[in-house]
Amino acid sequence: MSRELEVKVVLSVSLAVPVLITAYKYLVPYISEKLTKPTRDQKDYGKVTPLYITPEDVKTYNDRPWRPFRWPHKQTMALVKMDMNHWLDITLHYWKFQKGKTEIFENYDPEKLKTNTFLRTVEGFDDEYNELRDVVIEQLTARYPLLFKRKGKLVYNNLMNEVYDIEKEPPLIIISKMAMEDFYIVQKKADGLNYCIGATVAFPGGGFGILQLMDKPLDFIHKTVPYYEDKLKPSMEKWFGKFVDGVERVSWHIVWEENLNCSELYPVSREMTHEEAEKYVMTIPFEEFRVRMECQSLTKLPKTKAIIFANHPKFIKLTELEYEPYMPSFVMNMMYECPEEIMKQKHFELVREHLRPRLQRMIDNQIANGLIESDSLTNLRTPPTYPFAHWMSTDWDYHKGWTSPYKNMVTSSL
């Protein structure tokens, strides 16, 4: 090669490298975002779009913006089709959840787990437990290839720096250590009824164990649900028998802390008189109140046909809803106008008088700033994007997740 040609080659490479680096820096994230933005047509475990976020990204990765409010409120299952990309989401609260599980399950000590009331199995259903373990591993390794990996019988959790041997650790312990969700496993028996045949539930919200649910049919499990007998029971067993694609739903109530296992609302309502509880609630600053959402999914295992009920508690402070159109109106309406039995179940009567003045000022402020109409309380309707915020499809970042466009909004003073 001539000296002149060598100079031209070196010069060409030196000019090309910065261009390639720039292209990589800006185009790859853009292309990745387009490829991994949520879709609504995934159906099967593991057949998901990989999301290449790192453990460092997870530290600030925000969840989908759930908005569990609908009006008028009717007691239905309120199921929506689930995008399988979001079965077993991983968010910035991952480490908090795993710390909580380790405490509830007593460091997963085999002897202590024999009497632990939050993790239980029923003899004779090993196939269901093993299949659930396998689909959880398949889902998490496919969706988050930089967070989880499987090599033969070993599964690597890069978020916890742990390795699990599927031949040595029980399947329900492995899924508990990997996922943020609690799991209930339901299977149809010879009598044609669906029974709860296993569960790993660290965060029931009320602090209750699961012993009373084990090997019991769905009728028994749901007997305390408001209006179950006349509104839900007639169609529930039929629906469980025929559904195929995953669905999700959400229920909610108002709390003033983020205790995952047992919200303080429950011991306060059980152990105090109504008057004592109301006085106690009045001492808690408005800024501490939040909506606790039980984000639930229903899926069916392909081989054993067991039904998997997964639950992931999530929170949003009432102050975060201050400028989001109609959200304070939904909360206000639910606290005062929802069906009586639902009102009692959610203990709205304990908190509503304390919360009402500030919520009303939020509503008035939204009206004054043109965010909502003046008849917001009388003409509320369930948003078409239920159970998510209307901005879910637009305010998403590949490495950060979802951020509310109202987060830093300032309007006229309350």
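Fair warning: this is a prediction, and the values are worked out from it, not measured in the lab.

*Asks:* Explain the pattern of salt bridges residue by residue, including any values.
*Replies:* If charged atoms from side chains of opposite charge come close, those side chains can pair. If you walk through the whole model with that rule in mind, you get 20 salt bridges. A salt bridge links K99 to E103, with the nearest nitrogen and oxygen atoms 2.8 Å apart. Remark: E103 and K99 occur in helix α3 (residues 94-104); sequence separation between them is four residues, near one turn of the helix. Neither K99 nor E103 differs from the other in exposure class; each is exposed. Close ionic contact of D134 with R133 constitutes a salt bridge, the shortest N to O distance being 3.1 Å. According to the relative accessible area criterion, D134 is partly exposed, its value standing at 30%. Residues participating in the shared-partner salt-bridge network are K96, E258, E288 and R290.

*Asks:* Residue-level account of the nonpolar core, with values.
*Replies:* Core analysis: the biggest nonpolar cluster contains 110 residues, and W87 and I90 have the highest contact counts within it. Per-element accounting of this core gives the leading share, seven residues, to helix α13 (residues 348-368). What W87 contacts, discounting residues up to four positions off in sequence, is Y45, M82, V135, V136, Q139, F183, S297, T299 and A310. In terms of nonpolar packing, the next biggest core, distinct from the first, is built from ten residues, M77, V186, M236 and F243 among them.

*Asks:* Describe the sheet that holds strand β2 (residues 119-121), listing the residues and the values that go with them.
*Replies:* The seven strands are arranged β1-β8-β9-β10-β6-β7-β2 in an open sheet whose pairing can be described as antiparallel. Two strands bound the open sheet, and with one partner strand each, they are β1 (80-81) and β2. Where strand β6 (residues 182-188) lies against strand β7 (residues 194-200), six bridges are found, and the strand directions are antiparallel. Bridging from a neighbouring strand, F183 pairs with T200 of β7.

*Asks:* Just give me the short version of helix α5 (residues 126-143), but keep the residues and values in it.
*Replies:* When the terminal C-alpha atoms of α5 are compared, their 26 Å separation across 18 residues agrees well with the 26 Å that a helix rising 1.5 Å per residue should span. Among all positions in α5, only E128, Y129, E131, L132, R133, V135, V136, I137, Q139, L140, T141 and R143 are buried.

*Asks:* Give a description of the sheet that holds strand β4 (residues 154-157) that names residues and reports values.
*Replies:* Strand order in the open sheet made by the three strands is β3-β4-β5, with antiparallel pairing throughout. Each end of this open sheet is capped by a strand with a single partner; those strands are β3 (148-151) and β5 (162-165). Taken pair by pair, the neighbouring strands of this sheet meet at an average axis angle of 20°, ignoring direction. Relative to β4, β3 runs antiparallel, the two being bridged by four bridges. The residue of β4 that forms the bridge with K149 is Y156. The sheet contacts of helix α6 (residues 171-178) involve β3, β4 and β5, and relative to β5 the element is tilted by about 160°.

*Asks:* Break down the side chain of K177 for me, citing the residues and quoting the values.
*Replies:* Structurally, K177 can be placed in helix α6. Discounting chain neighbours no more than four positions away, the residues touching K177 are Y94, Q98, Y108, N157, E162, Y164 and E169.

*Asks:* Describe the pairing of strand β10 (residues 307-317), with residues and values.
*Replies:* For β10, the buried fraction is high: nine of the eleven residues fall into the buried class. With five bridges joining them, β6 and β10 adopt antiparallel strand pairing. Across the sheet, the residue bridging to Y184 is F309, located in β10. As defined by bridge partners, strand β9 (residues 290-300) adjoins β10 across eleven bridges and the pair is classed as antiparallel. Counted as the bridge partner of T299 is I308 from β10.

Cut-offs used in this document
Residues numbered from 1 in each chain as written. Predicted model: local features only at pLDDT ≥ 70, side-chain atom pairs only at ≥ 80, totals over all residues. Heavy atoms only, no water. Salt bridge = Lys/Arg side-chain N within 4 Å of Asp/Glu carboxyl O. Helix = DSSP H or I, 4+ residues; strand = E, 2+ residues; numbered from the N terminus. Buried < 20%, exposed > 50% of the residue type's maximum accessible area, 1.4 Å probe, protein only. Core = buried A, V, L, I, M, F, W, Y, C linked by side-chain atoms within 4.5 Å. Contact = heavy atoms within 4.5 Å. Pairing = 2+ DSSP bridges. Expected span 1.5 Å × (residues − 1). Axes fitted to C-alpha atoms, helices over the stretch in contact; angles between N-to-C directions.

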